[in-house]
Amino acid sequence: MEPTTLTDTQAAEPWTFSIRFEGGDANAHQIDLNQLGASLQGFARVLAVSAHFAQTGKYNKQFDALSVKVVADPVQEHHCYEISATIVQQIISSEVLWSGLGTGVFMGVIGYVFNRRKGEEMKHLSEALKQSLGIQAEAQTKMLATIEKLADALQPSVKQALTPIGQSVESINIRPQSSRAEPVVLDRTTKELANASKENTITQSREFTGVISELDMLTGACKVALGKESDSRIPSVITDPVGQRPGNPYATAMLHLAPISFIAKAEEDIEGAIVKLYISDIA
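Residue numbering note: each chain is counted from 1, following its sequence as written. Totals for whole chains, interfaces and linings use all residues, but because this is a predicted model, local features are given only for residues with pLDDT of at least 70 and pairs of side-chain atoms are given and counted only at 80 or more. In computing side-chain values, all of the structure's heavy atoms are included and hydrogens and water are not.

Another point: the confidence of the model for the chain. Mean pLDDT over the chain: 80, with 78% of residues reaching 70 or higher. The quantity called pLDDT is the predictor's confidence in a given residue, expressed from 0 to 100. Contact between two residues is taken to exist if any of their heavy atoms lie within 4.5 Å; hydrogens are not considered. Low confidence marks residues 1–11, where pLDDT is under 50. Its contacts with residues over four positions away, or in another chain, come to 27 contacts.

Laid out in structure tokens, this is it:
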């Protein structure tokens, strides 16, 4: 599906979401003000940057240059402790709106930003992109790479947004008010995984098989999808000096999108999910 350019007289419908703080003090419609302030700052950036990507297909970390702004609205009917947030388009004439995106895919992006260490989130996001945009595999791969970069940059804001969990509240969920898209649920596990980066472990070298993409022959940086059906691309680095030579096996495999077997150490998070590979040799 091709993107459609908005004219000066067109405007995207605003997207409104409920951010519900549940459990703990929120059951009495209360929440620690300091924790709430930090949380809302985190949510503001995550929602704005993700919505800008949804409208333009591009990642921009400059808050003042985004094509949208996030505003707070009155809540008509409170559930536990609730904030209503609306994403309003700010720049019209020069931006592009992905006409098939919708709140379903936007919620998929939000879900991945917060829960990307839970393996199923990338699969859900990939399926949502296929169904809503109908784009080719190559274009989808590029879009997923941009979302990955966006998620990396937003991790400090993610940690801010999750501040009240385990203190004033037990969980937070984000619900679109005008669609049937599933809410994004954030709980103690989400917070633990978001704060667990220092607890990653490095495994012993072993054999893997995957498809390499985005290979930089100078630095060895690349992305690897493990398994034939995997949509998740793992940040990796090739330490094998052969990887810097023209026509090396890694570059040839990437050129043909062919699976390649290699020896690598894996960096794993506290749940055992691989977050990075260090490739030392061809298997």
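Take the nonpolar core next. In a soluble, globular protein the nonpolar side chains are often hidden away together inside. Core analysis: the largest hydrophobic core is formed by 44 residues, its most contacted members being Phe21, Phe106, Phe114, Ile174 and Leu186. Setting aside residues up to four positions removed in sequence, Phe114 forms contacts with Phe43, Val46, Val158, Ala161, Leu162, Ile174, Leu186 and Thr190. Judged by nonpolar contacts, the second largest core, of 16 residues, contains Ile238, Ala253, Ala266 and Leu277. Working definition of a nonpolar core: buried Ala, Val, Leu, Ile, Met, Phe, Trp, Tyr and Cys residues. They are joined through side-chain atoms within 4.5 Å. Burial classes follow relative accessibility: with a 1.4 Å probe on protein chains only, a residue under 20% of its type's maximum area counts as buried, one over 50% as exposed, and anything between as partly exposed.

To continue, consider the sheet that holds strand 7 (residues 184–186). Whether two strands pair depends on DSSP finding at least two bridges between them. A helix here means a DSSP run of H or I that spans at least four residues, while a strand means a run of E at least two residues long, and both kinds are numbered starting from the N terminus. With antiparallel pairing, five strands are arranged side by side in an open sheet as 3-4-2-6-7. Looking along the sheet, the strands with just one partner apiece sit at the ends: strand 3 (68–73) and strand 7. Each strand axis lies, on average, 20 degrees off the axis of its neighbour in the sheet, ignoring direction. Of the strand pairs in this sheet, strand 3 and strand 4 (residues 81–89) are connected by six bridges, and their pairing is antiparallel. Looking at strand 4, one finds that Val70 is bridged to Ile87. For helices, the fitted line uses only the C-alpha atoms of the stretch in contact; every axis is such a line through C-alpha atoms, and the angle between N-to-C directions lies from 0 to 180 degrees. Here helix 1 (residues 33–56) sits on the sheet and contacts strand 2 (15–22), strand 3, strand 4, strand 6 (171–176) and strand 7; the angle it forms with strand 3, its principal contact strand, is near 135 degrees.

Every helix has an expected span of 1.5 Å times one less than the residues it contains. Here helix 1 spans 34 Å end to end across 24 residues, near enough to the 34 Å set by a 1.5 Å rise per residue. Where helix 1 begins, the capping side chain belongs to Asp32, and its oxygen is found 3.0 Å from the backbone nitrogen of Asn34. Where helix 1 ends, the next residue or the one after it, Gly57, has phi of about 75 degrees, a positive value. Polar contact criterion, stated in full: a pair of N or O atoms within 3.5 Å, where within protein one must be able to donate a hydrogen and the other to accept it, and residues adjacent in sequence count only if both atoms are side-chain atoms.

The next point concerns the pairing of strand 12 (residues 260–268). As a general feature of sheets, a regular strand has side chains that alternate between the two faces. Pairing of strand 8 (residues 201–202) with strand 12, which is carried by two bridges, proceeds in the antiparallel orientation. Following the sheet pairing, Ile202 is matched in strand 12 by Glu267. Across five bridges, the pairing between strand 9 (residues 206–213) and strand 12 is antiparallel. Counterpart to Arg206 in the pairing with strand 12 is Ala264. When strand 12 meets strand 13 (residues 274–282), the two strands line up antiparallel, connected through seven bridges. Within strand 13, the residue paired with Ile263 across the bridge is Asp281.

To continue, consider unusual backbone geometry. Despite not being glycine, His29 shows a phi value in the positive range, around 60 degrees. The topology assignment puts His29 in the loop between strand 2 and helix 1. Judged by relative accessible area, which is 46%, His29 ranks as partly exposed. Even without a glycine there, the phi angle at Glu214 is positive, about 55 degrees.

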